[in-house]
Amino acid sequence: MNGSADPLLAVDSVHAGYGETTVLHDLSLSVDEGEIVSLVGRNGAGKTTTLRTIMGILEPTSGRVVYRGDDVSGLDATRTAARGIALVPEERRIFPELTVKENLELADHGGAPEADSLSVGEALEMFENLRERAGNAGSSLSGGEQQMLAIARALVGGADLVLLDEPTEGLAPYIVQDVMDIVERLNDRGITVLLVEQNVHVCLELADRNYVINQGEIVYEGTSAELEADDEVLDRYLGVTA
Ligand code: ATP
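Please read these numbers as outputs of a predicted model, since none were measured by experiment.

K.L.:
Sorry if this is basic, but what is going on with the packing of helix H6 (residues 143-156) against helix H7 (residues 173-188) here?
P.N.:
Each pair of packed helices can be summarised by the angle the axes make with each other and by the distance between the axes. Taken N-terminus to C-terminus, the directions of H6 and H7 make an angle of 10 degrees; their axes are 10 Å apart at the nearest point. The angle between H6 and H7 places the two elements in the roughly parallel class. Residues Gly144, Gln147, Met148, Ile151 and Leu155 of H6 pack against Ile175, Asp178, Val179, Ile182 and Leu186 of H7. Residues that form the contact of H6 with H7 fall into these classes: seven nonpolar, two polar and one charged.

Next up, the structure:
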């Protein structure tokens, strides 16, 4: 990407938390258009809190979230979504009683003007597993299929930045690979991805750049090649021994 261009998303010196508890301490990160960027850290490090703050579910107590040059820190989640940011939460939030196709149709509400949103038909084309199950109830899907449906909904909803919260959590290894393939395919379509993971191997395979978060602070930033070679960071913050 053009290094001199403004980032698509900038989280700028954010403090945020719950009530009196500050979870994020002076957190800054940026994502350029077209990148896959990971935010990787242990359980409880503040990854979900970061995504909630970007999405507008939480408001920063100080600092800013800037998207396409606009300060979006004060916007609620609905308005943030209308700008083209979609959060795919860890719980996936599929409607179990609706079919796969109906779940997608519910997401079809226009999206951001800049976004190249998928029609329901295009989403079913792109996600082969979902096409085969278009008429099945959401409740009948496996964990990996639910993850794909949650991602497909973000694309139908017109997202151009997708925030993925631990998409591989709880999935069997061969399904993890399928989900990683999907993330790469959506990135090939021009969708920018901020990926939150505990699994550093997923990050190293997918991400252009990685931020390591520990106790609500960014403690490292580097390309996947740099992080992979940094035994100290891997050991100290991610519990991966060389
Ligand atoms: P996980 O892998 O468990 O999702 P995470 O890195 O996403 O971890 P967060 O969920 O952001 O971490 O949690 C960061 C800290 O904020 C934790 O100490 C957690 O206990 C606390 N926390 C999370 N949600 C709430 C909440 N609703 N109210 C109060 N504290 C919370």
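K.L.:
Got a minute to help me understand helix H1 (residues 47-55) in this structure?
P.N.:
An α-helical turn contains 3.6 residues, so any two residues separated by three or four positions project in the same direction. For H1, a buried count of seven out of nine residues is recorded, marking the element as mostly surrounded by other parts of the structure. Listed as buried for H1 are Lys47, Thr49, Thr50, Leu51, Thr53, Ile54 and Met55.

K.L.:
Would you explain the pairing of strand E10 (residues 217-223) in this entry?
P.N.:
Pairing of strand E9 (residues 209-214) with E10, which is carried by six bridges, proceeds in the antiparallel orientation. Each residue of the ladder has a partner; that of isoleucine 213, found in E10, is isoleucine 218. Adjacent in sequence and paired antiparallel, E9 and E10 are bridged by two residues, among which glutamine 215 carries a positive phi angle near 45 degrees.

K.L.:
Would you mind going over the packing of helix H3 (residues 100-107) against H6 with me for this structure?
P.N.:
At a closest axis distance of 8 Å, the pairing of H3 and H6 adopts a crossing angle of 35 degrees. The chirality of how H3 crosses H6 is right-handed. Listed contacts from H6 to Val100, Asn103, Leu104 and Ala107 of H3 are Leu149, Ala152, Arg153 and Val156. For the contact of H3 with H6, the class distribution of residues is six nonpolar, one polar and one charged.

K.L.:
For this particular structure, what's the right way to read the site of the ligand?
P.N.:
Taken together, the neighbourhood of the ligand is formed by 14 residues, with Asn43, Gly44, Lys47, Thr48 and Thr49 sitting nearest. Taking tyrosine 18, its side chain carries an N or O atom lying 3.5 Å from a nitrogen atom of the ligand. Here an oxygen atom of the ligand sits 3.1 Å away from a polar atom, N or O, in the main chain of alanine 45. With four residues, H1 is the single largest residue contributor to the shell around the ligand. The class makeup of the residues in the shell around the ligand is three nonpolar, six polar and five charged.

K.L.:
Can you walk me through the sheet that holds strand E4 (residues 62-67) in this structure?
P.N.:
The pairing of strands in a sheet comes from backbone hydrogen bonds and takes either a parallel or an antiparallel form. Spatially, E2-E1-E4-E5 is the arrangement adopted by the four strands of the open sheet, whose pairing is antiparallel. Each end of this open sheet is capped by a strand with a single partner; those strands are strand E2 (21-31) and strand E5 (70-71). Judged from the seven bridges that link them, strand E1 (residues 9-18) and E2 form a sheet pairing that is antiparallel. Residue pairing in the sheet places valine 14 in a bridge with leucine 27 of E2.

K.L.:
Looking at this structure, I do not really get the environment of aspartate 188. What am I missing?
P.N.:
Note that aspartate 188 resides in helix H7. C-alpha of aspartate 188 to C-alpha of glutamate 35: the two residues are 153 residues apart in sequence and 9.9 Å apart in space.

K.L.:
Quick question: what am I supposed to make of the pattern of salt bridges here?
P.N.:
Two side chains carrying opposite charge are able to pair once their charged atoms lie near each other. The tally for this structure, following the rule as stated, stands at 14 salt bridges. A salt bridge links glutamate 33 to arginine 68; the nearest nitrogen and oxygen atoms lie 3.5 Å apart. Here glutamate 33, found in the loop between E2 and strand E3 (36-40), pairs with arginine 68, found in the loop between E4 and E5; they are 35 residues apart in sequence, far enough to count as distant. Judged by relative accessible area, glutamate 33 falls into the partly exposed class, the value being 39%. The partly exposed category is assigned to arginine 68, whose relative accessible area is 29%. Taking the shortest distance from any N to any O, the salt bridge between glutamate 166 and lysine 47 comes out at 4.0 Å. Here glutamate 166 is found in the loop between strand E7 (161-165) and H7, whereas its partner lysine 47 is found in helix H1, with 119 residues between them in sequence.

K.L.:
Looking at this model, I keep getting lost on the pairing of E4. Mind explaining?
P.N.:
Here E1 pairs with E4 via five bridges, running antiparallel. Residue aspartate 12 lies in a different strand from E4, and its bridge partner there is arginine 64. With two bridges joining them, E4 and E5 adopt antiparallel strand pairing. Residue valine 66 lies in a different strand from E5, and its bridge partner there is aspartate 71. Two successive antiparallel strands, E4 and E5, enclose a turn made up of two residues, where arginine 68 displays a positive phi of approximately 50 degrees.

Rules used in this analysis
Residues numbered from 1 in each chain as written. Predicted model: local features only at pLDDT ≥ 70, side-chain atom pairs only at ≥ 80, totals over all residues. Heavy atoms only, no water. Axes fitted to C-alpha atoms, helices over the stretch in contact; angles between N-to-C directions. Helix = DSSP H or I, 4+ residues; strand = E, 2+ residues; numbered from the N terminus. Parallel < 35°, antiparallel > 145°, perpendicular 65-115°, else oblique. Contact = heavy atoms within 4.5 Å. Nonpolar A, V, L, I, M, F, W, Y, C, P; charged D, E, K, R; others polar. Buried < 20%, exposed > 50% of the residue type's maximum accessible area, 1.4 Å probe, protein only. Pairing = 2+ DSSP bridges. Left-handed = near helix turned anticlockwise from the far one by under 90°. Near = heavy atom within 4 Å. Polar contact = N/O pair within 3.5 Å; in protein donor to acceptor, adjacent residues only side chain to side chain. Salt bridge = Lys/Arg side-chain N within 4 Å of Asp/Glu carboxyl O.

Read these as geometric descriptors, not functional statements.
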